[in-house]
Amino acid sequence: MGTRRDFVVKPRETPGGTVTIPGDKSVTHRIFLLGSWASGTTRVRGANRGDDCMRTLAAMRSLGVEVEDDGVTITLRGRDGAFAVPDGPLDMGNSGTGTRLLAGLLATQKFSSTLTGDESLKTRPMGRVVTPLRKMGAVITGNRDGSLLPITIEGGALEGIEYSTPVASAQVKSAVLLAGLGAAGETVVTEPAHSRDHTERMMAAMGADIVCEGTSVRLQGGGALRGLEMEVGGDPSSAAFLIVAGLLIPDAEIAVDGLLDNPTRTAFLDVLDRMGANLERIPLGDEGPEKRVRVIARYGPLRATEVSGAEIPALIDEIPILAVAGATARGNFRVRDAAELRVKESDRIATTVAMLRAFGVEADEDEDGFVLQGPKPGKKNLKGAKIDAAKDHRIAMAAVVAALAAKGKSRIEDVACVETSFPEFLDLFRALGLEQSIRLEEK
Ligand code: S3P
């Protein structure tokens, strides 16, 4: 304790080779929650082992779920919809997804339980899940009338609802659907645009009566789920850092294998295609409810684009790293309609703009996005910098990639946050040949 970890980056080598990306964070949270709720055994291979997902697994243990982990396969013995009363508050660390999804599941339980988290999570909005869960019949109290953690949920006797979410949020949609599993009658969630659909796919694979119609999902409550065996596909949001590094570092060629291939998650690849990126996608087929793909990224020039509208929810977590690509592209790179970025692990409009400005990019913030000016002809846009990652894993990792594409030496301060989603980040860059270019320094 007390030591700070920094990445010191000095570009020296050309990365090349193939890596397999660790399991997807969103899918891992969901299989832990749904496997715990289902009857029978759920076996998960390739789970995401970052702190966020491990908090969700620990919470399920606290709720009486038997869990075995041999380092490869995580086995859960489902409780068929009835959990044990936990000994104390469930501490979800930094994980907004774990907290909001678990709130939905806890709303189905008759006992009272408390969710809490770290200082950053305590500032993030919970009203967006508390409002629909109250409408379904859960009694929720907490800080600022339940809009901030800690919150205490007493549930049971829920009624299905028809709910239109004010923002396209997979967390809100999933919380309502998870509560809908234990509610009487039908639950219908309608979104303003498609958000990630892993909950729907997984529920269907486990035997739920669930139908997707446009941007609505219809679930019949009270049905049993059966345990599932699944291998979690590689996390596209983590792969995005390696893929963009492959595009930006001269002569690089990076292949990422076994990525989850789901259009509600891979829109960042479509944006990179639009920017003229040298990308190859090789479909690998189905793995349970989700498909897989191999992506090869090769160095080449990029042109700027605008990212906005309905595509935003399908690439919301990749905006910091897309912005790094955008900062090297010819023209002005613009993001609009992304106000949701302001309530992520940091205010990602402010922190992305601040990070790129530190690297020397001309960047301007709007209420719901930003605009970046590309490099002057014949000039590099990124110069070595000292970066405060604002304790946000995706800002820290995006800054490392910017630093690898920059002229000179950079320091990315306080990068322990990378552990929340992608503890293998540095090892994978090393496996691609960047032995000297990135150093972890303890201060
Ligand atoms: C997630 C949904 C997104 C995303 C988050 C993971 C999920 O949040 O930003 O990292 O797994 O459901 P919102 O649903 O709040 O947009």
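Look a little higher up for the structure.
Here is a short report on the structure shown in this document.

Reading the values: rules and limits
- Residues numbered from 1 in each chain as written.
- Predicted model: local features only at pLDDT ≥ 70, side-chain atom pairs only at ≥ 80, totals over all residues.
- Heavy atoms only, no water.
- Core = buried A, V, L, I, M, F, W, Y, C linked by side-chain atoms within 4.5 Å.
- Buried < 20%, exposed > 50% of the residue type's maximum accessible area, 1.4 Å probe, protein only.
- Helix = DSSP H or I, 4+ residues; strand = E, 2+ residues; numbered from the N terminus.
- Contact = heavy atoms within 4.5 Å.
- Pairing = 2+ DSSP bridges.
- Near = heavy atom within 4 Å.
- Nonpolar A, V, L, I, M, F, W, Y, C, P; charged D, E, K, R; others polar.
- Axes fitted to C-alpha atoms, helices over the stretch in contact; angles between N-to-C directions.
- Parallel < 35°, antiparallel > 145°, perpendicular 65-115°, else oblique.
- Left-handed = near helix turned anticlockwise from the far one by under 90°.
- Salt bridge = Lys/Arg side-chain N within 4 Å of Asp/Glu carboxyl O.
- Phe/Tyr/Trp six-rings, centres within 6.5 Å; stacked < 30°, edge-to-face > 60°.
- Disulfide = S-S within 2.5 Å.

Section: the nonpolar core
So, step 1. Of all hydrophobic cores here, the largest spans 84 residues; its most connected members are F7, I243, V256, L272, F359 and I412.
So, step 2. Counting residues per element, this core draws most heavily on helix α12 (residues 393–404), which supplies 10 residues.
So, step 3. Non-local contacts of I243, meaning those with residues more than four positions away in its chain, are made with V256, L259, F268, L269, L272, L279, V295 and A297.

With respect to the sheet that holds strand β7 (residues 112–116)
Across a sheet, strands are paired by hydrogen bonds formed along the backbone, either parallel or antiparallel in direction.
So, step 1. Taking strand neighbours across the sheet as the criterion, the 4 strands line up as β6-β7-β9-β8 in an open arrangement whose pairing is mixed. For this open sheet the edge positions go to β6 (90–91) and β8 (139–142), each flanked by a neighbour on one side alone.
So, step 2. Here β7 runs beside strand β9 (residues 148–154); their pairing, made up of 4 bridges, is antiparallel. Counterpart to T114 in the pairing with β9 is T152.

Quick look at the site of the ligand
So, step 1. Neighbouring the ligand are the residues S26, R30, T97, R128, S169, A170, Q171, R196, I316, D317 and K344.
So, step 2. For the shell around the ligand, a count of residues per class yields 2 nonpolar, 4 polar and 5 charged.

Some words on the packing of helix α8 (residues 236–248) against helix α9 (residues 267–274)
Each pair of packed helices can be described by the angle between their axes along with the distance between the axes.
So, step 1. The contact between α8 and α9 brings their axes to 10 Å, and the two run at 20°. What the angle tells us is that α8 and α9 run roughly parallel. Considering only the axes of α8 and α9, their crossing is right-handed. Contact residues: α8 offers P236, A240, I243, V244 and L247, while α9 offers F268, L269 and L272.
So, step 2. Class assignment of the residues belonging to the contact of α8 with α9 gives a composition of 8 nonpolar, no polar and no charged.

Quick look at the pattern of salt bridges
So, step 1. Going through the model one piece at a time under the given rule, you end up with 40 salt bridges.
So, step 2. Note that R77 is salt-bridged to E68, the shortest N-O span being 3.1 Å.
So, step 3. The exposure class assigned to R77 is partly exposed, which follows from its relative accessible area of 31%.
So, step 4. The class for E68 is partly exposed, based on a relative accessible area of 42%.
So, step 5. In this structure, R357 engages D364 in a salt bridge whose closest nitrogen and oxygen atoms are separated by 3.7 Å.
So, step 6. Exposure remark for D364: the relative accessible area of 43% places this residue in the partly exposed category.

Details of the side chain of R292
So, step 1. Here R292 shows up in strand β17 (residues 290–298).
So, step 2. The exposure class of R292 is buried, given its relative accessible area of 15%.
So, step 3. If we ignore the near neighbours within four places in the chain, the residues touching R292 are E231, V232, G233, G258, L259, D261, P283, L284, G285 and E287.

Observations regarding the packing of aromatic side chains
So, step 1. Evaluation of the coordinates by the stated rule reveals 4 aromatic pairs.
So, step 2. Ring geometry for F425 and F429: centres 5.2 Å apart, planes at 80°, overall edge-to-face. With F425 and F429 both in helix α13 (residues 425–431), this residue pair falls 4 residues apart, about one helical turn.
So, step 3. In textbook terms, an aromatic cluster arises when at least three aromatic residues are bridged by ring pairs, as seen for F7, F241, F422, F425 and F429.

Digging into the pairing of strand β5 (residues 73–77)
So, step 1. Of all 5 residues making up β5, 4 are buried, and the element is well covered by its neighbours.
So, step 2. Pairing between strand β4 (residues 66–69) and β5: 4 bridges, direction antiparallel. Bridging from a neighbouring strand, E68 pairs with T75 of β5.
So, step 3. If you look at the hairpin formed by β4 and β5, you'll find 3 residues sitting between the two strands, and G71 has a positive phi there, around 95°.

Details of the sheet that holds strand β24 (residues 438–442)
So, step 1. Spatial ordering of the open sheet is given by β22-β23-β1-β24, a layout of 4 strands whose pairing is mixed. The open sheet has two edge strands, β22 (386–388) and β24, and neither has a second partner. Taking each pair of neighbouring strands and ignoring which way they run, the sheet shows an average axis angle of 20°.
So, step 2. Summarising the sheet, β22 and strand β23 (residues 410–413) pair through 3 bridges and their orientation is parallel. Looking at the pairing, D388 lines up with E413 of β23.
So, step 3. Of the strands in this sheet, β1 (5–9), β22, β23 and β24 touch α12, which is tilted by about 175° from β23.

Observations regarding the state of the cysteines
So, step 1. Within the structure shown, the criterion is met by 0 disulfides.
So, step 2. Summary of cysteine pairing: C417 is not part of a disulfide, and the nearest cysteine sulfur, belonging to C53, is at 16 Å.

Examining the side chain of T99
So, step 1. Tracing the backbone shows T99 in helix α3 (residues 96–106).
So, step 2. Under the relative-accessibility criterion, T99 is labelled buried at 1%.
So, step 3. Contact partners of T99, with chain neighbours within four places excluded, come to M92, L115, L121, M126 and L149.

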